[in-house]
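# Results of the structural survey
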Amino acid sequence: MKTKLLNALIAVFLFLMPTVIFGQTTPPTLGVTSDFALFTSAGALTTDGATVVTGDIGSYDVTPVGFTGPGTVIGTIYPVGAILDQAVTDMDVAWGNFSADGDVLGTPLETFNITGYIYPGTYHTTGAAALNGDFTLDAQGDPDALFVININGAFTVGADFDILLADSAQFCNVYWQIDGGFILGARSNFMGTIVSNGAITLLEEASLHGRALTNSGAINLHNNVVSFMPAIGLTVGGASTICSGTGTNITVALSEVGVNYQLRNDNANELVGSSVAGTGSTINLPTGTLTTTTTYNVLATNACGSVKLTETEVVTVNPTTGVTSFTAGATTVCQDAADETYTATAANSTSIAYSVLPVVAGVINATTGVINWDAAFSGAATITATSTGLCGTTSADRVVTVNPLPTAFVGVDRTICLDENTTLGEVELQGSTYNWTSLPAGYTSIEANPTVSPQETTIFTLTETITASGCMNTNDVTVTVNNPPIIITEPADQSGCAGCSSVSFSVTATGTGLTYQWRNGDVNLTNGGNISGATSAILTINPVGIYDSSSNYNVVVTGICDPNATSINTSLTVNTPPYILAGPENQIANEGSPVSFSVTATGTDVTYQWRKGEVNLTDGGKISGATTATLTINPVSVTDAASDYNVVITRLYLPDETSRRASLIVNTAPVITTEPVNQTGCIGCSSSVSFYVIATGTGLTYQWRKGSVNLNDGGNISGATTAILTINPVSVADIASNYNVIISGSVEPSATSTNVSLTINDVPGISSEPVSQTECAGNAVSFSVAATGANNAYQWRRGETNLSNEGNIS
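Residues numbered from 1 in each chain as written. Predicted model: local features only at pLDDT ≥ 70, side-chain atom pairs only at ≥ 80, totals over all residues. Heavy atoms only, no water.

Moving on: the side chain of Asn667. Its place among the elements puts Asn667 in strand 68 (residues 662-667). Given a relative accessible area of 12%, Asn667 falls into the buried group. At 3.0 Å, the side chain of Asn667 forms a polar contact with the side chain of Asn590. (Helix = DSSP H or I, 4+ residues; strand = E, 2+ residues; numbered from the N terminus. Buried < 20%, exposed > 50% of the residue type's maximum accessible area, 1.4 Å probe, protein only. Polar contact = N/O pair within 3.5 Å; in protein donor to acceptor, adjacent residues only side chain to side chain.)

In this section: the side chain of Ser207. Within the secondary structure, Ser207 sits in strand 19 (residues 207-214). Judged by relative accessible area, which is 18%, Ser207 ranks as buried. Those residues in contact with Ser207, other than ones at most four positions away along the chain, are Leu184, Ser188, Asn189, Phe190 and Val225. (Contact = heavy atoms within 4.5 Å.)

Under the criterion given, the structure shown has 14 aromatic pairs. Measuring from ring centre to ring centre gives 5.6 Å for Phe155 and Phe182, while their planes differ by 45°; the resulting arrangement is tilted. Residue Phe155 is found in strand 13 (residues 155-157), and its partner Phe182 is found in strand 16 (residues 182-184); the two are separated by 27 residues along the sequence. Here the two residues Phe155 and Phe182 agree in accessibility, since each one is buried. Their ring planes at 40° and their centres at 6.3 Å tell us that Phe505 and Trp518 sit as a pair that is tilted. Of this pair, Phe505 sits in strand 49 (residues 503-506) while Trp518 sits in strand 51 (residues 515-520); the two residues are 13 residues apart in sequence, bridging distant segments of the chain. (Phe/Tyr/Trp six-rings, centres within 6.5 Å; stacked < 30°, edge-to-face > 60°.)

Attention now moves to unusual backbone geometry. For the bond running from Leu439 to Pro440, omega is 5°, close enough to zero to count as cis. Following the sequence through the fold, Pro440 ends up in the loop between strand 43 (432-439) and strand 44 (451-452). Note that the residue after Gly583, namely Pro584, is joined by a cis bond; omega there is -10°. As for its placement among the helices and strands, Pro584 is situated in the loop between strand 58 (579-582) and strand 59 (587-590). At Arg187, a residue that is not glycine, the phi angle is positive and equals roughly 65°. Despite not being glycine, Ala408 shows a phi value in the positive range, around 50°. Take Ala408: it is sitting in the loop between strand 40 (392-403) and strand 41 (414-417).

All right, on to the sheet that holds strand 16 then. Strand order in this open sheet of six strands is 2-20-18-16-13-10, and the pairing throughout is parallel. Strands at the two margins of the open sheet, each flanked by one partner only, are strand 2 (45-47) and strand 10 (129-131). The average undirected angle you get between the axes of adjacent strands in this sheet is 5°. Here three bridges tie strand 2 to strand 20 (residues 219-221), and the two strands are oriented parallel to one another. Considered in strand 20, the bridge of Leu45 is made with Ile219. (Pairing = 2+ DSSP bridges. Axes fitted to C-alpha atoms, helices over the stretch in contact; angles between N-to-C directions.)

Structure follows, in structure tokens:
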């Protein structure tokens, strides 16, 4: 409550007191920085939006200098150099030029008084300050009134707040010294020159009318407008391009309040018309005759100075145009002439266009003047060249006489037979000359209608020339020469297998429009059944039959031109298909004797190959007839025995045929592989003995003998005609040393074994029994027995237990 009352009393006091300017009475000295809209002694200068700056800019220690993003600078962007060196020095001087006298402003500034404005003078704050509302600078009607405000700390202006100028106040007479950083809120509008000791930041769409200078810190811009010099908006109306000797009127629209504008002739650097002030006003270029291209600019002036618009308006004065010559191109041409070129020249021309009348005369290239005269046109034609420039069009004509071409009549294409004649062209016309040539080359004539007899198809070309005009025309006619049939390759004799193959007769002939007719003798053949191609170059019989056999097949070749050509007679030999009628049969042969396998087959040109299994047999050694109908093996051996003898029969026109498989059994003579051995028996002990033999051979039989006497089964004899002879029981009568066996087989000779013996032993008998024994322990004792018999064996026992030699038993 006390503060509000005090502020009210101060406001009344200031309102009642007379106008007094306190403190600093002259503006701070800025040196070279007075031309800068933005400058920093230490820091970068950046923007991230479409910022527009009117005035010079520079950064002393960050290069390159300029905006890193989109933006426009209407002024000079200074690189590091002498100007910026001086600017750093002048910044230090300027900082010391500010007076610290005057009233103390409150923070925020708008609380200085209840009216929210100050009068000219010097002010300061005791620390950092903020602006949270509009703040007005009132010059009280004095356009030279000076405002100097010292902020002893950082200074922040909130969003959407403005510094307002009232009653003739000029932003170029407002100075702010800020001992710290400065932030201008978004969309706020600030007036005056800022000299800061920290970073300067202009937030989105904020505007500064004045300068922003700092000796310490970066300058950061965000889609702002910084305008130290007056801004100029220029809109030009009226023609900016005219022809020599005409005039125009330029209208310049103005955009800035409190600014005087002058339209000036940039070429002569002189005023054009009077000065005009204020937005919405216009400056008009007086209408007059211009002969020289002229550049105009606008000079804008306000209380802070003058600036010339960097963009200028140019009034271009173009000279007049016109065709100066039209000489190239023939005035007399022949009908249907191609690629004739007509060329004109023109002064001050942007283009020359060509045309022809009548339009049926030909097709002309409007750009190059090249014309192809129409083949049907003759007579007079006019070619016009039209020159187009910035100041109008002019045209010039060239009359051309188009002479007709001769007809060069050759007649229609025609066809003749070899050695026939034909007449070309037509009756000679007076005033024309004729020249005939040919392709293939070799024929020439100067007649109008020559008679020709070419030996091959020929193109005849006529060039007719009209003597008076020299115009010529060329046409050609083709004479096609048809040749009679000529047989180049005669048909050849053929052979085939009845019912199992096909044959073809072929002929090669030359001539025009050939047709063919195959015959058997004088009888024409027709397609059907096993006949095809009867009227073509190849006759096919598929399959051939026995009745197709003939020696006079021929073909008549007919063409457009006579005579016909008849081939020689050729033959068809029909072979019968082969078949195996009999064999081969299984065979049995004695080793050492011959054996044969045979096969009976029908067919033509049959060949044979005997095999054992899948292995071909070849003649040599004991093999003969390996490739004939009969295979002979002489003599056979055991190794020849097999079950798969067969023959492969090869025939023309059919696959090979393989016979059935036949076996060969080889009989061998007896061979004893194991002889019988001697045997021993005993009388009275019911013993038996057996003699056995092992032998190989075919169809073996056995006969056991004692000496040369055959033994027969019966009594104690069995197996007398087998491989094992058994005598059971043996007796003294059976004792012998010449037992043997005769082995007979299918093949001689028989085999007789060695003689073996049968020995008979007596039955063992005890003649002296063992006696009981008494002996001291540790001493030896013996038992003994005496026995009769041969080859006795002994086994001592203790009771029923057999004793063995071990320990103390021997």
